[in-house]
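Summary of structural features
Chain by chain, the residues:
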Amino acid sequence: MNNSTLLNSDWLFCENHYCDMNISNIPTVETVKIPHCSVELPMSYFSEKSLHRDFTYQRTISVTSSDLAKTQFLYFEGVMCDAKVYVNGEFAGAHSDGYTPFEVLITPLLQCGDNLITVTMSGKENPSIPPFGGQIDYLCYPGIYRDVHLRTYSSCRVFNVKAESVNVLTSPGLKLDIYLESFLKEGSAGKLEVTVCNKRGEAILEHVEEVERFYGKAVSTMQFDELKGVELWDIENPELYKVEVRFVDKHSSDTFAFRHGFREAVFTTEGFFLNGKHLKLIGANRHQSYPYIGYAMGQSGQELDADILRFEFGFNTVRTSHYPQSPYFLNRCDEIGLLVFEEIPGWQHIGDEDWQSRSVDNVKAMIQRDWNHPSIILWGVRINESDDNFDFFDKTNRQAKVLDSTRQTGGVRCHFKGDFQEDVFTLNDFILGETDDPLRKPADTHGKDYDVPYLVTEYNGHMFPTKRIDNENWQMEHVTRHLRVLNEAHSNDNISGAITWCMADYNTHKEFGSGDMVCHHGVSDAFRKPKFAAYVYASQINPSKKAVMEPVTYWTVGERCAAGVLPLIILTNCDCVEVTLENGIKGKFYPAREQYPHLPHPPVIIGTEAADQLFGKHSWGGGWKNATFTGYLEGEVVVERHFSASKIPSDLTVNVQKNQLLANCSDTARVLIETVDQSGNILPYFSDFLTLSTSDNLEVIGPKEVILEAGTTGLWVKAKGAGNAVLKIHSHKFGEREVVFDVVEQK
Ligand code: GAL
């Protein structure tokens with residue numbers, strides 16, 4: 001991709017479709033930047049119909065006579081959905097799927113000087129386009145919500161490369177399928193140069209090879225065995241190599257650069273193995289949506305989600321429910337060792353033959369976009385939770401196998417037995433709540449009299465919606481359900497792992513959720529602020545990396561039914577926790593290994609039998625005390641928390657993702673705001689009203705007046721021009737907080 005320019009700025013935007021006229025004179029037209037969401041929504045309580053409209057985006061590109069001799073494509077990474085592209089009013093190309101990229105050849109329609117590029121698209125949920133046609137439990141936010149590029153080539157290009165590791169466990173090598181295209185009538189001949197460098201920039205492979213004349217498109221395949229000094233990619237050491245493939249003919253050259261991780265990922269009947277080592281997959285489902293702006297979140301926001309999942313919540317896996325997600329998110333998964341189960345768009349409904357053939361195209365587009373991500377370990381090639389449809393899923397499976405022989409397929413279902421056409425039986429198991437069993441027995445679900453590779457792809461979710469503002473009893477039950485499923489998933493080697501529903505609360509259609517257009521199913525809220533349940537997973541982190549100790553309590557006497565805080569679950573990876581009351585009474589408590597024998601780090605549970613020892617007979621009116629919780633590892637204090645009996649609103653804390661932002665490219669930082677007491681603990685029932693203001697070169701995404709919910713709120717700021725930028729947060733109670741950002745030009 002020698003000459004690729006980002007085309008994210010200076011788009012005009014308005015409602016309705018205008019394919020053959022300049023929209024600049026339409027009174028409602030706005031100038032916008034990509035990523036863009038066509039409709040900014042409130043946090044909750046809105047009509048989804050506001051999304052169901054048609055929209056037009058338009059901008060000019062300037063073309064010189066020498067450009068006209070070249071070949072130019074517009075490349076769209078994601079437009080939701082049913083996009084049609086016009087150049088100077090002439091139709092140039094279309095792409096209906098809202099989640100996969102597409103390119104449009106524009107050269108034949110260009111003229112010297114300014115050219116009008118128009119993109120029409122629609123939020124109308126056209127039933128002939130997957131995932132639409134039935135009900136879906138999430139929103140599909142219209143807009144050009146991923147980057148747009150203008151790609152210019154002279155005589156030829158390398159338009160894709162598939163890299164596959166070979167002999168990973170014995171003597172790693174690399175197989176490359178290189179996709180070439182010549183734009184010349186007389187075809188192209190030349191040479192291919194391949195280099196593979198490690199993270200220190202040292203080449204482990206340098207290769208040059210002649211390519212005979214070819215016309216139009218061609219594929220060149222090469223294999224390099226027994227490469228020296230290869231370090232494998234795994235979740236603790238996600239070693240990435242930079243691969244550059246350059247085609248040079250006598251007129252020009254073009255380079256395709258990407259990253260490769262040498263690794264082997266296999267689901268077996270004894271569980272999942274990464275590079276031959278058994279690994280229990282513990283994951284979360286993720287929707288790529290954000291408050292107010294839906295899908296239109298750029299690089300920093302996408303990367304933060306991966307970081308939160310991996311480092312804050314301690315997951316090793318994510319399922320991109322229910323569609324291919326942002327390349328920025330997937331790139332970050334590669335960098336930090338977060339494994340990915342990626343799937344095609346769909347939710348329960350299967351449409352007619354045309355719909356199905358679009359879905360098979362989605363398999364192709366997803367795999368051809370993402371086959372070089374080492375983090376991706378499984379392709380999801382069924383429509384999530386759909387009925388069986390042998391012929392259709394035969395096609396999706398075959399498509400996946402033809403394109404990628406190295407990865408297995410899964411197909412997420414919620415019904416039992418039936419056709420098993422994929423490599424891994426991937427089941428959404430919501431039995432807990434229906435019965436008291438944490439998970440079903442695999443054999444009861446696939447119905448075979450032999451073991452099959454098996455993965456639980458959803459649990460909990462709608463069976464126990466939980467808001468951050470829900471009371472302690474409810475949150476404790478939420479935590480307990482997550483603990484029980486996790487324990488069960490760890491108990492059986494046949495179960496490769498379990499992926500919870502879901503990472504964060506999300507906006508949805510009116511047929512789902514709590515009546516507020518939100519499914520409160522996350523282990524975190526919509527701003528990704530963790531609920532207690534997130535610490536079920538965080539507390540499984542190896543304590544050598546981070547000591548975790550989260551008592552599931554607000555430490556008050558009358559929050560729970562029948563008073564007190566017992567039984568008290570302390571989610572921790574410590575060896576033991578000591579609780580010391582202000583009167584000096586103390587007790588040491590140990591992990592509940594009998595109750596949760598399979599968890600790497602069972603919680604400490606202070607049962608009601610400890611009530612007498614710690615609190616005397618009557619907590620209700622018995623004198624509530626300050627407490628200190630101390631976590632020990634190998635006899636050393638590693639973490640301490642203080643809880644005040646009488647809580648005074650003491651501070652408004654502001655936690656910022658990063659203080660340096662890039663100018664003019666929609667770079668964002670998340671800001672979490674919290675009211676805390678004198679011990680630094682959140683005040684879950686403290687209400688306050690915040691007014692937000694910014695300097696001219698910064699923008700708050702969403703409203704400028706917000707309330708705290710469950711003592712906290714969040715927001716994202718977006719950078720504009722370079723220089724110092726300021727966010728002011730005015731609280732009725734605490735006065736003003738100021739956050740200063742350094743907005744720098746991109747290098
Ligand atoms: C599943 C579905 C998810 C979500 C979840 C809620 O059935 O696959 O998309 O709706 O239920 O628990």
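Residues numbered from 1 in each chain as written. Predicted model: local features only at pLDDT ≥ 70, side-chain atom pairs only at ≥ 80, totals over all residues. Heavy atoms only, no water.

If you trace the backbone, Ser 220 turns up in strand S17 (residues 217–224). Beyond its immediate chain neighbours, meaning those up to four positions away, Ser 220 contacts Leu 176, Asp 177, Ile 178, Leu 180, Leu 192 and Glu 209. (Helix = DSSP H or I, 4+ residues; strand = E, 2+ residues; numbered from the N terminus. Contact = heavy atoms within 4.5 Å.)

Turning to the site of the ligand, a few remarks are in order. In the vicinity of the ligand there are 13 residues, among which Asp 137, His 322, Trp 347, Glu 385 and His 462 approach most closely. At 2.7 Å from an oxygen atom of the ligand is found a side-chain nitrogen or oxygen belonging to Trp 347. Contact between the ligand and His 462: an oxygen atom at 2.6 Å from a side-chain N or O atom of the residue. Within the complex, 94% of the 310 Å² of free accessible area of the ligand lies under protein. The class makeup of the residues in the shell around the ligand is four nonpolar, six polar and three charged. (Near = heavy atom within 4 Å. Polar contact = N/O pair within 3.5 Å; in protein donor to acceptor, adjacent residues only side chain to side chain. Areas by Shrake-Rupley, 256 points an atom, 1.4 Å probe, with all protein chains shown as cover. Nonpolar A, V, L, I, M, F, W, Y, C, P; charged D, E, K, R; others polar.)

This paragraph deals with the sheet that holds strand S3 (residues 30–32). Spatially, six strands are ordered S3-S2-S4-S10-S7-S8 in an open sheet, and the strand pairing comes out antiparallel. With partners counted over all chains shown, the strands left at the sheet margins are S3 and strand S8 (90–95), one partner each. Taking the axes of each pair of neighbouring strands and ignoring which way they run, one obtains an average angle of 25° across the sheet. Note: strand S7 (residues 83–87) against S8, five bridges, orientation antiparallel. Opposite Lys 84, over in S8, you have Ala 94 as the bridge partner. (Pairing = 2+ DSSP bridges. Axes fitted to C-alpha atoms, helices over the stretch in contact; angles between N-to-C directions.)

Attention now goes to the pairing of strand S16 (residues 203–214). Here nine bridges tie strand S15 (residues 188–197) to S16, and the two strands are oriented antiparallel to one another. Note on S16: the bridge partner recorded for Thr 195 is Glu 206. Here S15 folds back onto S16 in antiparallel fashion, the turn holding five residues, of which Gly 201 has a positive phi close to 85°.

Between helix H4 (residues 353–370) and helix H5 (residues 390–403), the least distance of the axes is 9 Å, while the angle of their chain directions is 20°. Classified by the angle between their axes, H4 and H5 sit roughly parallel to one another. Where H4 crosses over H5, the handedness of that crossing is right-handed. Contacts from Trp 355, Gln 356, Ser 359, Val 360, Val 363, Lys 364, Ile 367 and Gln 368 in H4 reach Phe 392, Lys 395, Thr 396, Gln 399, Ala 400 and Leu 403 in H5. (Parallel < 35°, antiparallel > 145°, perpendicular 65-115°, else oblique. Left-handed = near helix turned anticlockwise from the far one by under 90°.)

It is worth spelling out the domain arrangement of the protein chain at this point. Domains assigned within the protein chain are domain 1 (4–153), domain 2 (156–251), domain 3 (276–414 + 457–538), domain 4 (549–643) and domain 5 (651–744). Inter-centroid distance (C-alpha atoms) of domain 2 to domain 4 is 57 Å. (Domains from an automatic or database assignment.)

Tallied over the full model, the rule gives 37 aromatic pairs. When the ring of Phe 686 is compared with that of Phe 734, the centres are 6.1 Å apart and the planes differ by 50°; the resulting orientation is tilted. One end of the pair, Phe 686, is in the loop between strand S42 (668–676) and strand S43 (689–694); the other, Phe 734, is in the loop between strand S47 (723–731) and strand S48 (735–744), with 48 residues separating them in the sequence. These aromatic residues form a ring-pair network of at least three members: Tyr 99, Tyr 138, Tyr 141, Tyr 145, Tyr 295 and Tyr 323. Sitting over the ring of Phe 73, Arg 157 keeps its end group 4.1 Å from the ring centre. Directly above the ring of Tyr 632 sits Lys 588, whose terminal nitrogen or CZ lies 4.5 Å from the centroid. (Phe/Tyr/Trp six-rings, centres within 6.5 Å; stacked < 30°, edge-to-face > 60°. Lys NZ or Arg CZ within 6 Å of the ring centre and 35° of its normal.)

What follows deals with H5. Taking 1.5 Å per residue as the helical rise, H5 with its 14 residues ought to reach 20 Å, and the 20 Å between its terminal C-alpha atoms agrees with that figure. All of the buried residues along H5 are Phe 392, Phe 393, Thr 396, Asn 397, Gln 399, Ala 400 and Leu 403. What you see down the axis of H5 is that its buried residues fit within an arc of 155°, all on one side. Residues Asp 391, Arg 398 and Val 402 are exposed on H5 and point more than 90 degrees away from its buried face. Looking at the buried positions of H5, the neighbouring elements they touch are strand S13 (156–166), H4 and strand S27 (408–410). (Expected span 1.5 Å × (residues − 1). Buried < 20%, exposed > 50% of the residue type's maximum accessible area, 1.4 Å probe, protein only. Arc of directions from axis to C-beta.)

A few words on the packing of helix H2 (residues 299–312) against helix H3 (residues 327–336). Close contact between H2 and H3 brings their axes to 8 Å; oriented N to C, the two are set at 40°. Judged on the interaxial angle alone, H3 and H2 are oblique. As for how H2 packs across H3, the hand of that crossing is right-handed. Along the contact surface, H2 presents Gln 299, Gln 302, Glu 303, Asp 305, Ala 306, Asp 307, Leu 309, Arg 310 and Phe 311, while H3 presents Tyr 328, Phe 329, Arg 332, Cys 333 and Ile 336. When its residues are assigned to classes, the contact of H2 with H3 shows seven nonpolar, two polar and five charged.

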